[in-house]
Amino acid sequence: MSSIDLTSSQKKILRTLTNLHRESEDTIKGEEIAEEVNRNPGTIRNQMQSLKALQLVEGVPGPKGGYKPTATAYEALEIQQMNNPASVPLEHEGEDVEGVIVEEIDLSSVHHPDLCRAEVHIQGSITDFHEDDSIIVGPTPLSKLKIEGHVDGIDETDSILVLQIDDMVAPAQNSDQ
């Protein structure tokens, strides 16, 4: 658990920086972050100063400069960095979603037949997702869990899609394995 308390705006900006950096492995310009979070570039520059003071962001000067997240940034956002994460497919409105990592699936209210929900934690942009969009997550590598549902809520600050589950399948393992 991180002891750094961030505002929701700082979390959103920092998570956007980590997502963009994961995709390009390069420095990220403030304008790119501003466009992604729908904010003014000046606001992003101001927020980056506070994030640099917290040692969550490294500023790289010059024409090819920008910002990079530090290891502490990933800790503060509780993002696990892995070189080769297992791939968990994500389908949105019938199309495969590229460039995102399904980091975690939390199930809630599984005992309630009408209110079964899943929180799908994602590394990557969730700006193209909207309420009531259809989603299929999985199969997961080990249990082959596959969840079908529709978006019931979106937490942009923590990159979480809340799904109303329509169907969930985890095939039984062969007992002689």
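Preceding block: the structure.
Per the secondary structure count, the chain includes four helices and nine strands. Each principal axis of the C-alpha distribution contributes one length, and for the chain these read about 60 × 35 × 35 Å. Across the 177 residues that make up the chain, the buried fraction comes to 38%. Within the chain, counting contacts between residues at least 6 apart in sequence, those at least 24 apart form 56% of the total. Accessible surface, the chain as shown: approximately 10400 Å² in total, 45% of it carbon and sulfur. The distance from the centre of the 13 positive side-chain charges to the centre of the 33 negative ones in the chain is 10 Å.

Membership of the largest hydrophobic core comes to 20 residues, with the highest contact counts inside it found for L14, L17, I33, M48, L51, L56 and V57. Elements supplying a minimum of two residues to this core: α1 (8–24), α2 (30–37), α3 (41–53) and α4 (71–76). With four residues, the top contributor of residues to this core is α1. Not counting the four nearest positions on each side in its chain, M48 is found in contact with I13, L17, I33, V57 and Y67. Membership of the second largest hydrophobic core comes to 18 residues, among which are C116, I122, L161 and L163.

Reading the values: the criteria
Residues numbered from 1 in each chain as written. Predicted model: local features only at pLDDT ≥ 70, side-chain atom pairs only at ≥ 80, totals over all residues. Heavy atoms only, no water. Helix = DSSP H or I, 4+ residues; strand = E, 2+ residues; numbered from the N terminus. Buried < 20%, exposed > 50% of the residue type's maximum accessible area, 1.4 Å probe, protein only. Contact = heavy atoms within 4.5 Å. Areas by Shrake-Rupley, 256 points an atom, 1.4 Å probe, with all protein chains shown as cover. Lys, Arg positive; Asp, Glu negative; His and termini not counted. Charge placed at Lys NZ, Arg CZ, Asp CG, Glu CD. Core = buried A, V, L, I, M, F, W, Y, C linked by side-chain atoms within 4.5 Å.

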